[in-house]
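These are the residues of each chain, in order.
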Amino acid sequence: MIELVSKSRCVECGMCVRVCPTNVFDAGEDGIPVIRRQDDCQTCYICEAYCPVDALYVSPYGERQVNVSETELAEAGVLGSWRETIGWGKGRLKLAALDTTPFIDRVLPGKEPIGRSEAEFILAYPTNK
Ligand code: SF4
Ligand code: SF4
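- An unreviewed UniProt entry lists the protein chain under the name 4Fe-4S dicluster domain-containing protein, with Paenibacillus ginsengarvi as the source organism.

Examining the overall build of the protein chain
Point 1. In terms of regular secondary structure, the protein chain is built from seven helices and four strands.
Point 2. Listing the helices and strands of the protein chain from first to last along the sequence gives β-α-β-β-α-β-α-α-α-α-α.
Point 3. Intrachain contacts of the protein chain at a sequence separation of at least 6 include 51% that bridge at least 24 residues.

Side note on unusual backbone geometry
Note: most residues except glycine have negative phi, and most peptide bonds are trans.
Point 1. Located in the positive-phi region is T43, a residue other than glycine, with phi close to 55°.
Point 2. Residue T43 is classed as partly exposed on the basis of its C-beta count, with 13 C-beta atoms lying within 10 Å.
Point 3. At Y45, a position not held by glycine, the phi torsion is positive, near 70°.
Point 4. Residue position: Y45 is located in the loop between strand 3 (33-35) and helix 2 (46-50).
Point 5. Taking the number of C-beta atoms within 10 Å as the measure of exposure, Y45 has 16 and is therefore partly exposed.

Quick notes on the site of ligand 2
Point 1. Taken together, 14 residues surround ligand 2, and among them C10, C13, M15, C16 and C51 come closest.
Point 2. Of the residues that constitute the shell around ligand 2, the class distribution is 12 nonpolar, one polar and one charged.

Quick notes on the rules
In this convention, every chain numbers its residues from 1, walking through the sequence in written order. Whichever chain is written first becomes A and whichever ligand is written first becomes 1, with later ones labelled in order. Residue-level local features of this predicted model are given only where pLDDT is at least 70; pairs of side-chain atoms are given and counted only at 80 or more, and the full residue set underlies all totals for whole chains, interfaces and linings. Numbering of helices and strands runs from the N terminus; a helix is a DSSP stretch of H or I covering at least four residues, while a strand is a stretch of E covering at least two. By definition, residue pairs are in contact when their C-beta atoms, positioned from the backbone, come within 7 Å. Here a residue counts as buried when 20 or more other C-beta atoms sit within 10 Å of its C-beta, as exposed when there are 12 or fewer, and as partly exposed otherwise, the C-beta atoms being derived from the backbone. Near, for a residue, is defined by distance from a backbone-placed C-beta atom to a molecule or strand, with 6 Å as the limit that must not be exceeded. Each residue is assigned to one of three groups, with Ala, Val, Leu, Ile, Met, Phe, Trp, Tyr, Cys and Pro labelled nonpolar, Asp, Glu, Lys and Arg labelled charged, and all others, Gly among them, labelled polar.

Structure representation (structure tokens):
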């Protein structure tokens, strides 16, 4: 669940307000987004991924609110860690580049459609590795 918008980091780009699929934020009068409908948060991390300055924190607890300290999150290196993990941001290794499942190769453009036996193999992966 979304827990923090850092006023000191936010550059008021409005991206989180636009990308949130459940309309959790409102644009604040000062330009900094306000968490207005926290209970509607789906813990999808999209806002964190899009925030260009790592100003948001989404807690992994989807169903309950937790108190967070911006200082502690920053000191622990948590702010921006999701964005870094998935490889968003210039010069970062994209998560898809590390994916070695057969499926990732089959969804690329120009590949043959997946046949029944291959589909069954993919569904059973990685037990048949
Ligand atoms: S985690 Fe997803 S649902 Fe929650 S505020 Fe961010 S974008 Fe919206
Ligand atoms: S995406 Fe980040 S920088 Fe942009 S408005 Fe939201 S919190 Fe601020």
